[in-house]
Amino acid sequence: MQQPMSCRRIIHNTMRLSLKTIVYATSMLCPAPTTSAFSITSRTLAQDGHHPNASFTEKSASSVSLAHMASSPERFAASQNMTIEQVDEAINARKMASTTLNEQLIAIEIDKKNNMTAAEIGRRKHQMICQHRFNHFRNAFVCKKCWTFTPICVCHLFDADVKAQLPKGVAKLIVWTHHDEYGRTSNTGSLLPLGLHDCQILMKGLLEHEQILNEILCRKDVTPVVLWPDKKGKRASTTIANLKSEIAETSSSTWNEGNDNGGIVLISIEGTWNTARKMVNKLPPHVLRLDLSEEIRLNFTAPEMNEGIFIDNRITTASGSSPSPSAPSLLSPLRRQGKGAKQDCVSTLEATIVALLALGLSVDEASFILNCARTKVKRIQEYTGKTYPRD
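Residues numbered from 1 in each chain as written. Predicted model: local features only at pLDDT ≥ 70, side-chain atom pairs only at ≥ 80, totals over all residues. Heavy atoms only, no water.

### Concerning the nonpolar core
Put simply, the test is: Among buried residues, those of type Ala, Val, Leu, Ile, Met, Phe, Trp, Tyr and Cys that are joined through side-chain atoms within 4.5 Å constitute a nonpolar core. Whether a residue is buried, partly exposed or exposed follows from its accessible area with a 1.4 Å probe, protein chains only, as a fraction of its type maximum: under 20%, in between, or over 50%, in that order. Secondary structure elements are taken from DSSP: a helix is a run of H or I of four residues or more, a strand is a run of E of two residues or more, and numbering for both begins at the N terminus. Contact between two residues is taken to exist if any of their heavy atoms lie within 4.5 Å; hydrogens are not considered.
Formed by 64 residues in total, the largest nonpolar core has its most connected members in Leu-196, Leu-266 and Ile-353. Take this core: its biggest share by element is 10 residues, from helix 12 (residues 363-384). Residues contacting Ile-353, with those up to four places away along its chain left out, are Leu-192, Phe-310, Leu-361, Ala-366 and Ile-369. Trp-228, Ile-269, Val-280 and Leu-283 belong to the second-largest nonpolar core, a separate cluster that totals 17 residues.

### Some words on the packing of aromatic side chains
Using the following cut-off: A pair of Phe, Tyr and Trp rings is counted when the ring centres sit within 6.5 Å of each other, with Trp represented by its six-membered ring. The angle between the planes then sorts it: under 30 degrees is stacked, over 60 is edge-to-face, the rest tilted. By definition, being over a ring means that NZ of Lys or CZ of Arg is both within 6 Å of the ring centre and within 35 degrees of the ring normal.
One pass over the structure, following the stated rule, counts 9 aromatic pairs. Centroid distance Phe-137 to Trp-147: 6.3 Å. Interplanar angle 85°. Geometry classified as edge-to-face. Remark: Trp-147 occurs in the loop between helix 5 (118-136) and strand 3 (170-177) and Phe-137 occurs in the loop between helix 5 and strand 3; sequence separation between them is 10 residues. Measuring from centroid to centroid gives 5.7 Å for Trp-228 and Trp-273, while their planes differ by 50°, and the two rings are tilted. Here Trp-228, found in the loop between strand 5 (222-226) and strand 6 (237-238), pairs with Trp-273, found in helix 9 (residues 273-281); they are 45 residues apart in sequence, far enough to count as distant. Through successive ring pairs, a cluster of aromatic residues spans Phe-134, Phe-137, Trp-147 and Tyr-182. Above the plane of the ring of Phe-137 lies Lys-144, whose end atom (NZ or CZ) is 5.0 Å from the centre.

### Regarding the packing of helix 4 (residues 84-110) against helix 5
Helix-helix packing is described using two parameters, namely the angle between the two axes and the distance between the axes. The line we're drawing: For every element, the axis is a line fit to its C-alpha atoms; helices are fit only across the contacting stretch, and the angle between N-to-C directions ranges from 0 to 180 degrees. Note that the term roughly parallel is reserved for angles under 35 degrees, roughly antiparallel for angles over 145, roughly perpendicular for angles of 65 to 115, and oblique for everything else. By the convention adopted, Pro, Cys, Tyr, Trp, Phe, Met, Ile, Leu, Val and Ala count as nonpolar, Lys, Arg, Asp and Glu as charged, and the other residues, Gly among them, as polar.
For the pair helix 4 and helix 5, the least separation of the axes is 10 Å and the interaxial angle reads 175°. Taken together, the axes of helix 4 and helix 5 are roughly antiparallel relative to one another. Touching Arg-94, Ala-97, Ser-98, Leu-101, Gln-104, Leu-105, Ile-108 and Glu-109 of helix 4 are Ile-121, Arg-124, Lys-125, Met-128, Ile-129, His-132 and His-136, all from helix 5. Its residues placed into classes, the contact of helix 4 with helix 5 shows 7 nonpolar, 4 polar and 4 charged.

### Quick look at the pattern of salt bridges
Selection rule: Whenever a carboxyl oxygen of Asp or Glu lies within 4 Å of a side-chain nitrogen of Lys or Arg, that contact is scored as a salt bridge.
Evaluated as defined, the whole model comprises 7 salt bridges. Here Asp-180 makes a salt bridge to Arg-184, at a shortest N to O gap of 3.2 Å. Classification of Asp-180 as partly exposed rests on a relative accessible area of 33%. When its relative accessible area of 22% is taken as the criterion, Arg-184 is described as partly exposed. Residue Glu-294 pairs with Arg-297 through a salt bridge whose shortest N-O separation is 2.6 Å. Pair noted here: Glu-294 and Arg-297 are both in helix 10 (residues 293-301), with a separation of 3 residues, about one helical turn. Exposure remark for Glu-294: the relative accessible area of 40% places this residue in the partly exposed category. Here Arg-297 falls in the partly exposed class, since its relative accessible area comes to 38%. One salt-bridge network, in which partners are shared between bridges, spans Arg-133, Arg-138, Asp-180, Glu-181 and Arg-184.

### Side note on the pairing of strand 4 (residues 199-203)
So the rule is basically this: Note on pairing: DSSP must find at least two bridges between two strands before they are called paired.
Counting buried residues along strand 4, 4 of its 5 residues qualify, which places the element largely inside the surrounding structure. Pairing between strand 3 and strand 4: 5 bridges, direction parallel. The residue of strand 4 that forms the bridge with Leu-173 is Cys-199.

### Notes on the environment of Thr-239
Within the fold, Thr-239 resides in the loop between strand 6 and helix 8 (240-249). Along the primary structure Thr-239 and Leu-290 are separated by 51 residues, whereas in three dimensions their C-alpha atoms are 5.8 Å apart.

### A look at the side chain of Arg-94
To keep things clear, this is the line we draw: Only four residue types enter the charge count, namely Lys and Arg as positive and Asp and Glu as negative; His and the chain termini do not. Counting of polar contacts relies on pairs of N or O atoms within 3.5 Å, with two restrictions inside protein: one atom must be capable of donating a hydrogen and the other of accepting it, and residues adjacent in sequence are counted only when both atoms are side-chain atoms.
Residue position: Arg-94 is located in helix 4. Here Arg-94 is buried and forms no salt bridge, its nearest opposite-charge partner Asp-180 lying at an N-O distance of 9.2 Å. Within polar-contact distance, the side chain of Arg-94 engages the backbone oxygen of Phe-137 at 2.5 Å. Sequence-distant contacts of Arg-94, defined by excluding residues within four places in its chain, comprise His-132, His-136, Phe-137, Arg-138, Asn-139 and Ala-140.

### Comments concerning the pairing of strand 7 (residues 263-270)
Burial analysis of strand 7 places 8 of its 8 residues in the buried class, the great majority of the element. With 7 bridges connecting them, strand 3 and strand 7 associate as parallel partners. Counterpart to Leu-173 in the pairing with strand 7 is Leu-266. Here strand 5 pairs with strand 7 via 5 bridges, running parallel. Within strand 7, the position partnered with Pro-224 by the bridge is Val-265.

Given below as structure tokens:
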């Protein structure tokens, strides 16, 4: 039986109101509780029961729901330390930039008078997309340093004056990042430059960043090593033992003394498995590949390895008999890994810390960076309500 017109209009208007609330929540790009809801008391304190080797405490005074924050422009603006007008301006500025980019991409595709080949058009479009992502990030309300939503920024956890030094013999660490990963809030590799000296994030496809990487890879006094296995045996590869031997055989006076005389350059790949594989395959053939599978397995299954700093003791297997999770990555609550995830499916930050520990980074310095990453993941979980099961 058909409902009267008046009833249908009431239902329709109610649905439209709900939809407007959802659209507003989306436009606010995951608003969050104000910074005052979180408090880091000290770098030297233990982290709220999260890990036995944690180095700070996070206390949540209260937890405000996403829907509560999204329903009020005033509350969201306050969480950004902005006025409502400033929030609107930021949103509109990014929308305008996105619209401009789309128009430029269409114009390049349509304009055939420039005599560009299809490959050249593709490269040009890719460069424009990368430049847009670098300038405007994924949304308007993300910290440009830690890539966390601004109300829950974790930059203050780090002290720029006490960054950890890279192990002796490691001249530089490069986080080679896919443009779609750049600025992603669930990313943890963004924290590496905040906690380590001589660490830089570079975006593949951004001309100035590609030039920096190429200049480094062309140097004769450095040994570039990418943290990626060569399972088919077709590329030059190395091991942790070989790198240690190279460091020991080379005069230590030429490394890590600010004289830029070369050494090992570690390259961490930041992207999905498919994009990361393509990025690695496009590196020059002289870049050595380093397989960390065994080191990762030991660090994530053996509590005695590096004092067990990679093992989250709160997560157990289904039987509850083992402290080792089936999906060990600290990022797994924010990134879907699926059932039966392999033990070496860990985040870029974790894999990088495993390599640096093997080459001489102290356990305390590694533990601090890991705990900062755990705090970021925890805050984003509370902020967005997003959680994927870990087993």
